[in-house]
Amino acid sequence: MTENTKKKIIKIFWLVVTLPFALLFLLILCVWAFAPIPSFEELENPDSKLATQVIAEDGEILTTFHIENRTFVSYEELSEHLVHAAVATEDARFYKHSGIDMQGLARVLVKTVLMRDSSQGGGSTITQQLAKTLYPRPEVNSKIPGWSKVVMVWTKLKEWITAVKLERDYTKEEIIDMYLNSVFFGSGAYGVKAASETFFAKQPSELSVEEAATLVGMINKPTRYNPALNPDRSLGRRNFVIGQMAKAGYITKAERDSIQQIPITLNYQVMDHNTGLAPYFRDMLRRTMNAQKPKRSSYSTPEDFSADSLRWADEGIYGWLNKNRKPDGSRYNLDKDGLRIYTTINYKMQKYAEEAVSEHLGGYLQKTFDKEVRWRSRKPFSNDTPSAVVDQLMSQARKWSDRYRHQRKEGKSHDEIMAQFKEPVRMRVFAWNEKGYADTTMTPDDSIRYYKSFLRAGFMAVEPTTGHVKAYVGGPNYRYFKYDNVSQGKRQVGSTIKPFLYTLAMQEGMTPCDKVVNVPQSFIIPGAKEEESTWTPRSTDKDEWIGKTVTLKWGLTHSSNNISAYLMKQFGPTAMADMMRKMGISSHIDEVYSLCVGPADLSLYEMVPAYNTFPSKGVYVSPLFVTRIEDSQGNVLGEFSNRKREAIGEHTAYLMINLMQGVINQGTGSRLRSRYGLTGEIAGKTGTTNDNSDGWFIGYTPSITAGIWVGGEDRQTHFSSLALGSGSNMALPIWGIFMKKCLADGTLGISEMDRFVAPAGMTLDLSCTGGDIETEEGSLSEPKEEDYFFN
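Our subject in this report is the structure included herewith. (Residues numbered from 1 in each chain as written. Predicted model: local features only at pLDDT ≥ 70, side-chain atom pairs only at ≥ 80, totals over all residues. Heavy atoms only, no water.)

Concerning the overall build of the protein
For step 1, the next point in the chain: Within the protein, the regular secondary structure consists of 28 helices and 24 strands.
For step 2, the next point in the chain: Every one of the 791 residues in the protein was classed for burial, and the buried ones make up 51%.
For step 3, the next point in the chain: Within the protein, counting contacts between residues at least 6 apart in sequence, those at least 24 apart form 69% of the total.
For step 4, the next point in the chain: Taken as a whole, the protein presents about 36,700 Å² of accessible surface, with 52% of it coming from carbon and sulfur. (Helix = DSSP H or I, 4+ residues; strand = E, 2+ residues; numbered from the N terminus. Buried < 20%, exposed > 50% of the residue type's maximum accessible area, 1.4 Å probe, protein only. Contact = heavy atoms within 4.5 Å. Areas by Shrake-Rupley, 256 points an atom, 1.4 Å probe, with all protein chains shown as cover.)

A few points about the state of the cysteines
The bond known as a disulfide is covalent and runs between the sulfur atoms of two cysteines.
For step 1, the next point in the chain: Taken as a whole and judged by the stated rule, the model has one disulfide.
For step 2, the next point in the chain: Between C513 and C768 runs a disulfide, and the two sulfur atoms are separated by 2.0 Å. Judged by the sign of its S-S torsion, about -90°, the cystine formed by C513 and C768 is left-handed. Pair noted here: C513 is in the loop between α20 (498-507) and β11 (515-517) and C768 is in the loop between α28 (732-745) and β23 (773-775), with a separation of 255 residues, a long-range link. (Disulfide = S-S within 2.5 Å.)

Here's the deal with empty space enclosed by the protein
For step 1, the next point in the chain: Overall, the coordinates contain two cavities of 30 Å³ or more when judged by the stated rule.
For step 2, the next point in the chain: The calculated volume of the largest cavity comes to roughly 90 Å³.
For step 3, the next point in the chain: Forming the walls of the largest cavity are L678, G680, E681, I682, T701, P702, M739, L743, I750, S751, E752 and D754.
For step 4, the next point in the chain: Partitioned by chemical class, the residues of the lining of the largest cavity number six nonpolar, three polar and three charged. (1 Å grid on protein atoms, 1.4 Å probe; cavity = no way out; pocket = protein on both sides within 12 Å on 5 of 7 lines; lining within 4 Å. Points joined across faces, edges and corners; volume = space filled by probe spheres on them. Nonpolar A, V, L, I, M, F, W, Y, C, P; charged D, E, K, R; others polar.)

Focus on the layout of surface pockets
For step 1, the next point in the chain: Counted as a void, the second largest pocket has a volume near 1,400 Å³.
For step 2, the next point in the chain: Lining of the second largest pocket is provided by 35 residues; of these, W400, S401, Y451, Y480 and E713 occupy positions nearest its centre.
For step 3, the next point in the chain: Contributions of two or more residues to the lining of the second largest pocket are made by α16 (387-400), α17 (402-409), β6 (425-430) and α19 (444-452).
For step 4, the next point in the chain: If you tally residues by element for the lining of the second largest pocket, the top one is α19, at five residues.
For step 5, the next point in the chain: Of the residues contributing to the lining of the second largest pocket, the split by class is 16 nonpolar, seven polar and 12 charged.

A closer look at the packing of aromatic side chains
Aromatic ring pairs are defined here through the distance separating the ring centres and the angle between the ring planes.
For step 1, the next point in the chain: Following the criterion strictly, the structure yields 28 aromatic pairs and no others.
For step 2, the next point in the chain: Ring centres of W320 and Y332 lie 5.1 Å apart, and the angle between their planes is 35°; on these two criteria the pair is classed as tilted. Linking W320 in helix α14 (residues 320-323) with Y332 in the loop between α14 and β5 (340-343), this pair joins segments that are 12 residues apart in sequence.
For step 3, the next point in the chain: By relative accessible area, which is 2% here, W320 ends up buried.
For step 4, the next point in the chain: Look at Y332 and you get buried, because its relative accessible area is 11%.
For step 5, the next point in the chain: Between Y611 and F614, the ring centres sit 6.0 Å apart and the planes meet at 70°, which makes this aromatic pair edge-to-face.
For step 6, the next point in the chain: On the basis of relative accessibility, which here comes to 1%, the residue F614 falls in the buried class.
For step 7, the next point in the chain: Pairwise contacts between aromatic rings join F430, W432, Y450, Y451, F454, Y480 and F481 into one cluster.
For step 8, the next point in the chain: Against the face of F94 rests K172, its NZ or CZ located 4.5 Å from the ring centre. (Phe/Tyr/Trp six-rings, centres within 6.5 Å; stacked < 30°, edge-to-face > 60°. Lys NZ or Arg CZ within 6 Å of the ring centre and 35° of its normal.)

Digging into the side chain of D754
For step 1, the next point in the chain: Assignment of secondary structure puts D754 in the loop between α28 and β23.
For step 2, the next point in the chain: Despite being buried, D754 has no salt bridge partner; R755 is the closest side chain of opposite charge, sitting 7.0 Å away.
For step 3, the next point in the chain: Side-chain polar atoms of D754 contact the side chain of S703, separated by 2.5 Å.
For step 4, the next point in the chain: There is a polar contact of 3.1 Å between the side chain of D754 and the backbone nitrogen of S751. (Lys, Arg positive; Asp, Glu negative; His and termini not counted. Salt bridge = Lys/Arg side-chain N within 4 Å of Asp/Glu carboxyl O. Polar contact = N/O pair within 3.5 Å; in protein donor to acceptor, adjacent residues only side chain to side chain.)

Points about the pattern of salt bridges
Pairing of side chains with opposite charge becomes possible as their charged atoms draw close.
For step 1, the next point in the chain: This structure, assessed with the given rule, holds 30 salt bridges.
For step 2, the next point in the chain: Taking the shortest distance from any N to any O, the salt bridge between K470 and E57 comes out at 2.6 Å. Of the two residues, K470 sits in strand β9 (residues 469-473) while E57 sits in the loop between β1 (52-55) and β2 (61-65), which places them 413 residues apart along the sequence.
For step 3, the next point in the chain: By relative accessible area, which is 39% here, E57 ends up partly exposed.
For step 4, the next point in the chain: Between K193 and E197 there is a salt bridge, and its shortest N-O distance comes to 3.2 Å. With a gap of four residues between them, K193 and E197 both fall in helix α8 (residues 192-200), about one helical turn apart.
For step 5, the next point in the chain: Residue K193 is classed as buried on the basis of its relative accessible area of 8%.

Shown next as structure tokens:
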């Protein structure tokens, strides 16, 4: 071989060896020069979809608004076990490389590519995996052969460059923190904080070795290794991660062997829009913050327009998203901007309220109603409901259904869609069982009747003096019943309206112990037809009580329509309506004589704060449910307070407390004493409407005011008997269950030792009771509880 030939061979050898590296280097330069590589600012502030956190007063996360349920945590908030598990499993040489691990790439080339040993894993470092989140792999639809591979190589090179840039600009601790914040863990959890809360109901700093290993094991295959969906696979993967931690020296072999024997124990709760704590509150909060400036044309009554206009002007939270802008002029987005909304909701009280609604509705009331409905000819509607009304309600429900609206958008005719409502289909429906649903086959028409047979409820609790909303439950189950019966629903209030009339009487100088004769009262209706010229409220009193001299406290204790009518004659409907407005009622009120027995349609959101005026010493305090909003960096964007005004005198408020204590001690609310064993000072009022369509109870202690409404979706869906359909049977038990839970907790500042305090200098004798009835022979014996199953 000649010398020239040797030189040529050497040149060719070095050309073959160096050319690929030269081409790779040139390609990297091209990518660096021409591809859009993120800047330092973009790396530090990526375009992530951060979940907005809704935070309870004690700092607990109530719920979130999110597209991706993601909340960033700092490195200091991570358990060291999380960091160790991630490094040991995903990138054992993390602290030794500068973004690209050439040793790891060589291992992949030899063992994975050449030797087909996939157990050796991939060659991507944690830094590269972080960089990958900035470059989602695009779908390539090209007819050019091999073009998809070109695009993949181009993207991979960008990831490499970004990885190097990340290593240059950030510490290893910052990189591992960003990485764990970026990972999708399945079950709607983006980032390690959401994953910790979803699977273990813990903060990332609180995770044990085995819990951290479970989460890290899910990183690359979040569905396959999801412990809630595939527990056996998850356990095997978790133990592999624990083995890697021992191999890397983070735990000993003895610890490895011991921890691997521990079963996976979850506290699993997916944080989607239908589950979690306070979903109705979350929905109300979104509606409130998204509210538009009121326009008169959008309202059916001037009162509702006026009320919302006042909220727009005075409540910073009302329409906040439309009143405020980011520094760059764009709108805030609840689902993406990672806001922190600090609320007045008490986490424990909210939990107890939801449990109380579920226990009463699902454990007793619905079962009782189902037994009654089973024998109806037009179930779930009452048998006396006219056929035309049933047809109208069913037709309306069909047109409001998702099935109808979606198919109309797709262009199907009305008749085509209506025909489908008669065809049986497989469906999942709500059920009061452990799963919360049942899989069954029924026609869409039958499913409408099925859902209409469920009793609904609303619950709201506020704190006296501050007006802070402590608990808010809009219905039995948000996934299946989206309608909010606290703030969206308005129903007849029945006898819960009577305290407003009695308040007027106390304000005008009467006292609880003033005496009147219990007889029916008739009213002349001006301008009515001759046969309708008078109106006499139906008496709810037992025959033996008619004609007796009774106290006003007796009248409210027994919810006597005769005594309410007597007071209406003294003061008139206009004065009563004015008193209601002073105490916070903003809905339309018909100023008619029948107002004294409760035909007005009002919301629980109005009624509870109005009743809260009594323990607040006569001051009306508008409900407050958000105290401040911060951005994702902790900068305060807004702070909020509520409106307060003196509605009635402190003297009047105390007289009303005394009157309404009679309802609890001797009247329609006495079940709180006899059945629920509550011994502290409580005042309140029950309410029942015509045909038992609505059951109400609003009660208060010196520390908390809470109200409940229970009824069907339609007024025609109700109990037949007053004993079952009264407010004392439908609504009051929820209050009793809730209060027992709060008292048993012992940490909520609510005690049976709390006392209502009389105003300074008050000398009235209020020793009369709600059971006093005077006759020529003396007082009648006090009635029993069963006498109070009305109003």
